[in-house]
2 protein chains.
Amino acid sequence: MPSKVSSSSKDGNSPKISEATVSRLPAYYRALSQLADAAQVRVSSEELAALTGVSSAMLRKDLSHLGSYGTRGVGYEVEFLRYQISREMGLNHDWSVVIVGVGNLGRALAHYGGFGSRGFRVVALVDADQTLIGTKVKCGAEGKTVELLVHALSDLEDVIKETNARLGVVATPADSAQVVSDRLVKAGIRSILNFAPVHLSVPEGVDVRKVDLASELQILAFHEQRKAV
Amino acid sequence: MPSKVSSSSKDGNSPKISEATVSRLPAYYRALSQLADAAQVRVSSEELAALTGVSSAMLRKDLSHLGSYGTRGVGYEVEFLRYQISREMGLNHDWSVVIVGVGNLGRALAHYGGFGSRGFRVVALVDADQTLIGTKVKCGAEGKTVELLVHALSDLEDVIKETNARLGVVATPADSAQVVSDRLVKAGIRSILNFAPVHLSVPEGVDVRKVDLASELQILAFHEQRKAV
DNA sequence: ACACATTTGTGCAAAAAAGCACAAATCCTC
DNA sequence: GAGGATTTGTGCTTTTTTGCACAAATGTGT
């Protein structure tokens, strides 16, 4: 599991879904999309579990938190279940994303096709490097690519306001990540995906998820070392 | 439970460290490296916890699983603790990494500096695209960049054998990820970092860690949606 | 209509993780 | 060297997550 979030929802009417469940919903959604593409109509918990690498009991319990969308003795309707998950996760909205840091990683993220196809749209690129500012970078994968202008970091607040970005991606070097994060928060961003290898401290109510490539390799190395003995 | 602090490095049975703890060790290691760079000699659990975003009690319990490396009333010696963690995680070794899939993401990973600085070295690049095979790609960040030849996917087994790669990174499109994974495993790789948005099924004894960028954004979107209400 | 084969949804148990609180160990001052 | 101020290491409690087993609900065939 990549990272944690510090959430602070204070409403009592939502039927609180556990964090562990939430972290698995995207995998279910992806597998269901796959099945839908293959024109499969129904799926059992056993089959969907195998596709996503969880146990069928856990899958059923996860889904039961969303509602009773299956039929006993039959299974789940692929399209229907997919829609329910997408609605629950807010994927019927279009989420605007601003990427700060247009280095190798930032550019790769901008190109990444997986975003656009699932309700996410990169609407702004920001960097501090004078040689990058003003240049154009291709965004989105095959199909519909858009060229986006790289804006100056000093214009961050304006860019967020104009584009109405809700999600911020920090793809800067480690030493500028906290400063960038602070400015994102001040500009109204309350959900941040952090690729910089540092812990970001943010005020209550702001969620940060961290993706640390080196950490993942280190965890693998740890287990690999144990195997050798 | 058996907190045996044996002076001998290799005591038969290793005192199982929980997965949750292992997943936090890289963050501790990074923070300690940072402190070491700043020439700080000692650090308290409180301070290190703040740097890594965990509670001080949890940090102490995590570290206690490695051994009793702190001094009551004083704290931990930065260099010493850092060394102990690096040893425990096998970061004193050099880990050879093969990257399969040299698209935008694969190239960004190859460039990524965070790998080289922590005991990981990209030793081979492999792709199925005929137009990429034979081209050279710069690896590693500032300092020492190396140019690596992109090998054909059909040579995967040979490349792994020659380079002695132990870790495999899958950065291919979703539909070829499972096939690539199978071949990595057959070639002897037992630790895989998967960036493709699919679940990889692997035989027992093989570890897979998944990094899914779209999933991370979806999880953020879920929480973001709840905030709006 | 009725027995039967499936498959979901869920109560309960087990395991894992996180949090609390304090004794034990160390340093510092006088 | 005694006493007070810290700070670790850890037993215990609470919360979260996972796993098991089966009743409830649905479809099928005779």
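To start, this report covers the structure provided alongside it. Please read all numbers here as calculations on a predicted model, not as lab measurements.

## Here we look at the interface of chain A and chain B
Working step 1: Contacts between chain A and chain B engage 74 residues on the former and 68 residues on the latter.
Working step 2: With both sides pooled, the region where chain A packs onto chain B buries about 6400 Å², and carbon together with sulfur makes up 61% of that total.
Working step 3: Taken together, chain A and chain B are joined by 10 salt bridges.
Working step 4: Across the pair Glu224(A) and Arg166(B) runs a salt bridge whose closest N-O atoms are separated by 3.0 Å.
Working step 5: Inspection of the chain A/chain B interface yields 18 residue pairs in polar contact (both at pLDDT 80 or more).

## Side note on unusual backbone geometry
Working step 1: Backbone geometry at Ala39(A) places phi at a positive 65°, although glycine is not the residue there.
Working step 2: In the Ramachandran plot, Asn164(B) falls in the positive-phi region, its phi being about 60° despite a non-glycine side chain.

## Quick look at the sheet that holds strand β2 (residues 70–71) of chain B
Residues and elements named next belong to chain B.
Working step 1: Spatially, three strands are ordered β1-β3-β2 in an open sheet, and the strand pairing comes out antiparallel. The strands lining the two open edges of the sheet, one partner per strand, are β1 (42–43) and β2.
Working step 2: Here two bridges tie β1 to strand β3 (residues 75–77), and the two strands are oriented antiparallel to one another. When the sheet's bridge partners are listed, Arg42 is paired in β3 with Glu77.

## Quick notes on the nonpolar core
Working step 1: By size, the foremost hydrophobic cluster in this structure holds 102 residues, and its most contacted members are Ile85(A), Leu125(A), Ile85(B) and Leu125(B).
Working step 2: With residues up to four places along the chain from it excluded, the contact list for Leu125(B) reads Ile99(B), Val102(B), Ala110(B), Val137(B), Cys139(B), Leu148(B), Leu149(B), Val150(B) and His151(B).
Working step 3: In this structure, Val159(A), Ile192(A), Ala196(A) and Val198(A) belong to the second largest nonpolar core, which totals 22 residues.

## With respect to the environment of Asn164(B)
Working step 1: Here Asn164(B) is to be found in the loop between α7 (156–163) and β8 (167–170).
Working step 2: What makes Asn164(B) exposed here is its relative accessible area of 56%.

## As for the protein's contact with DNA strand C
Working step 1: The full set close to DNA strand C counts 25 residues, and Ser45(A), Gly73(A), Tyr76(A), Arg24(B) and Lys61(B) are the nearest of them.
Working step 2: Protein-proximal atoms of DNA strand C, defined as those within 4 Å of the protein, fall in sugar or phosphate at a share of 68%.
Working step 3: With respect to DNA strand C, the side chain of Ser68(A) contributes an N or O atom lying 3.1 Å from a phosphate oxygen.
Working step 4: Of all the elements in the fold, those that place two or more residues in the surface near DNA strand C are α3 (56–64), β2 (70–71) and β3 (75–77) of chain A together with α1 (19–37) and α3 (56–64) of chain B.

Calculation rules
Residues numbered from 1 in each chain as written. Chains lettered and ligands numbered in written order. Predicted model: local features only at pLDDT ≥ 70, side-chain atom pairs only at ≥ 80, totals over all residues. Heavy atoms only, no water. Contact = heavy atoms within 4.5 Å. Buried area = accessible area lost by both parts, 1.4 Å probe. Salt bridge = Lys/Arg side-chain N within 4 Å of Asp/Glu carboxyl O. Polar contact = N/O pair within 3.5 Å; in protein donor to acceptor, adjacent residues only side chain to side chain. Pairing = 2+ DSSP bridges. Helix = DSSP H or I, 4+ residues; strand = E, 2+ residues; numbered from the N terminus. Core = buried A, V, L, I, M, F, W, Y, C linked by side-chain atoms within 4.5 Å. Buried < 20%, exposed > 50% of the residue type's maximum accessible area, 1.4 Å probe, protein only. Near = heavy atom within 4 Å.

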